[in-house]
Amino acid sequence: MTARIEQATPAAIARAASALRAGELVAFPTETVYGLGADARNPDAVRAIFAAKGRPADHPVIVHLAEFAAIEAWARTIPEGARRLAAAFWPGPLTLILPRRADVDDVVTGGQDSVGLRVPSHPVARALLAAFGGGVAAPSANRFGRISPTTAQHVADNVGDALALILDGGACAVGIESTIVAFVAAEPVLLRPGAIGAAALAQVLGHTPRAADVGAPRASGTLASHYAPMTRATLASPGALRVEILRRQERDENVAVLARAARRPADFSGAWIAAPSEPDAYAHDLYANLRALDAARADEILIEAPPAEPAWHAVLDRLSRATHGNDDDRD
Ligand code: TXA
Ligand code: MG
């Protein structure tokens, strides 16, 4: 049985809140991507998220909250920098990793001494959180290691079977996952780039957060082959795109192309998507574009590399993971 997609009317949101209270799973839109939600105080419900996603049980999940004031129930300390980022960017596409309170369940934190917290800005997410009245644990509503969903239909296609219901709030405005900043060591660490860039964080913090390194807290979204489409995907510089296409055509291979500035060659008959040229619009469409190209069932997806500039950092991060192509560490 596949979960019903329901327009996120007040009545549907109320039903979703009841389902959460009953320990069931509900998918809901956020401004970044759709989340697969469960009552964060119900360990069995949170465990059901892992089963639905096929995600290893020791990975932490983000707890979504209705407002900043609620974080005291989850975090035992709130460093000044975290307070400032929350004041500047919540509600919005930012996740803070903070020292956890002792009563936060290990299934939420992955057994770590920290907890991920986020106050989303999407009106449906906010209404659901307000109606539910507690923290909602929610990873992206995709099968583990695959592309995050940015529409209700993506959710139904991927994990619909496990859900009580899917709230439809339209396509997500941001389109890629939240920026994650950890406050668990002396210095804040940027664990995952997102729509809120390093420069915007630096403006509020007074310094640029350190980039994640090998010793950084575990984040499944930081595994090299996360976000991958099923079809092998490869990056090509704008100047090399045409010759890379020709090379594959000579080998009788079908290629699907995610272009940006490049023009479609007159003799190209495969799937071709011209992505937006600005980073925010590109990010907004990215996962839907990858899904569409994946559905073309080509031998390979060629992606025209966007510029290596700070404004493209989050997009380049997702593209480099989508094109990693090594199944060994896909988890
Ligand atoms: O935009 C988003 O953040 C979306 C929407 C639904 O809010 N959620 C999302 O969740 O992307 P997920 O689980 O797919 O990715 C969250 C990342 C994971 O890589 C997880 O490991 C990391 O956050 N994370 C959560 N809690 C953590 C913690 N205590 N320490 C380190 N990383 C943590
Ligand atoms: Mg995810």
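So, here's what we can say about the structure. (Residues numbered from 1 in each chain as written. Chains lettered and ligands numbered in written order. Predicted model: local features only at pLDDT ≥ 70, side-chain atom pairs only at ≥ 80, totals over all residues. Heavy atoms only, no water.)

## Focus on the overall build of the protein chain
Scanning the protein chain for helices and strands turns up 10 helices and 15 strands. Since a compact globule built from 331 residues should have a radius of gyration of about 20 Å, the 20 Å found for the protein chain is in line with a globular shape. Taken along the three principal axes of its C-alpha coordinates, the protein chain extends 60 × 50 × 35 Å. Split into buried and exposed, the 331 residues of the protein chain put 54% on the buried side. Just so you have it, the protein chain exposes about 13,600 Å², and 51% of that area is on carbon and sulfur atoms. (Helix = DSSP H or I, 4+ residues; strand = E, 2+ residues; numbered from the N terminus. Rg over C-alpha atoms; globule rule 2.2 N^0.38 Å. Buried < 20%, exposed > 50% of the residue type's maximum accessible area, 1.4 Å probe, protein only. Areas by Shrake-Rupley, 256 points an atom, 1.4 Å probe, with all protein chains shown as cover.)

## A look at the nonpolar core
Counting 48 residues, the largest nonpolar core has Leu-85, Leu-94, Leu-96, Leu-117 and Leu-163 as the members making the most contacts within it. At the level of elements, strand E3 (35-39), helix H2 (43-53), helix H3 (80-89), strand E5 (94-99), helix H4 (106-109), strand E6 (114-118), helix H6 (152-159) and helix H7 (198-205) are the ones that each hand at least two residues to this core. The element contributing the most residues to this core is H2, with 5 residues. Not counting residues within four places of it along the chain, the set of residues in contact with Leu-96 comprises Ala-82, Leu-85, Ala-86, Trp-90, Val-115, Gly-116, Leu-117, Val-181 and Phe-183. If you look at the next biggest cluster of nonpolar residues, it comprises 23 residues, including Ile-176, Ala-275, Leu-290 and Ala-322. (Core = buried A, V, L, I, M, F, W, Y, C linked by side-chain atoms within 4.5 Å. Contact = heavy atoms within 4.5 Å.)

## Section: the sheet that holds strand E15 (residues 300-304)
Across the sheet, which stays open at both edges, the 4 strands sit in the order E12-E15-E13-E14 with parallel pairing between neighbours. At either end of the open sheet lies a strand with only one pairing partner, and these are strand E12 (233-236) and strand E14 (272-274). Averaged over neighbouring strand pairs, the angle between their axes works out to 15 degrees when direction is ignored. Sheet contacts for helix H8 (residues 241-250): E12, strand E13 (255-259), E14 and E15; angle to E15, the most-contacted strand, approximately 170 degrees. Strands E13, E14 and E15 of the sheet are contacted by helix H9 (residues 279-295), whose axis makes an angle of about 175 degrees with E13. (Pairing = 2+ DSSP bridges. Axes fitted to C-alpha atoms, helices over the stretch in contact; angles between N-to-C directions.)

## A word on the pattern of salt bridges
Scanning all chains against the criterion turns up 17 salt bridges. Linking Glu-6 and Arg-4 is a salt bridge whose minimum nitrogen-to-oxygen distance equals 2.7 Å. By relative accessible area, Glu-6 is classed as buried at 9%. Using a relative accessible area of 53% as the deciding quantity, one classes Arg-4 as exposed. (Salt bridge = Lys/Arg side-chain N within 4 Å of Asp/Glu carboxyl O.)

## Digging into the pairing of E5
Of all the 6 residues making up E5, 6 are buried; the element is thus mostly covered by neighbouring parts of the structure. Pairing of E5 with strand E9 (residues 179-182), which is carried by 4 bridges, proceeds in the parallel orientation. Residue pairing in the sheet places Thr-95 in a bridge with Ile-180 of E9. As paired strands, E5 and E6 are joined by 4 bridges and run antiparallel to one another.

## Considerations on the environment of Glu-67
Note on placement: Glu-67 falls in the loop between strand E4 (62-64) and H3. With a relative accessible area of 48%, Glu-67 lands in the partly exposed category. Along the primary structure Glu-67 and Arg-55 are separated by 12 residues, whereas in three dimensions their C-alpha atoms are 28 Å apart.

## Brief notes about the sheet that holds E9
Pairing in this open sheet of 11 strands is mixed, and the strands run E1-E8-E2-E3-E7-E4-E6-E5-E9-E10-E11 from one edge to the other. Two strands lie at the open edges of the sheet, namely strand E1 (5-7) and strand E11 (210-211), each paired on one side alone. Strands in contact with helix H1 (residues 10-21) are E1, strand E2 (26-28), E3, strand E7 (136-137) and strand E8 (165-168); relative to E8, the strand with the most contacts, it is inclined by about 145 degrees. Together, E3 and E7 form the strand contacts of H2, whose direction differs from that of E3 by roughly 155 degrees.

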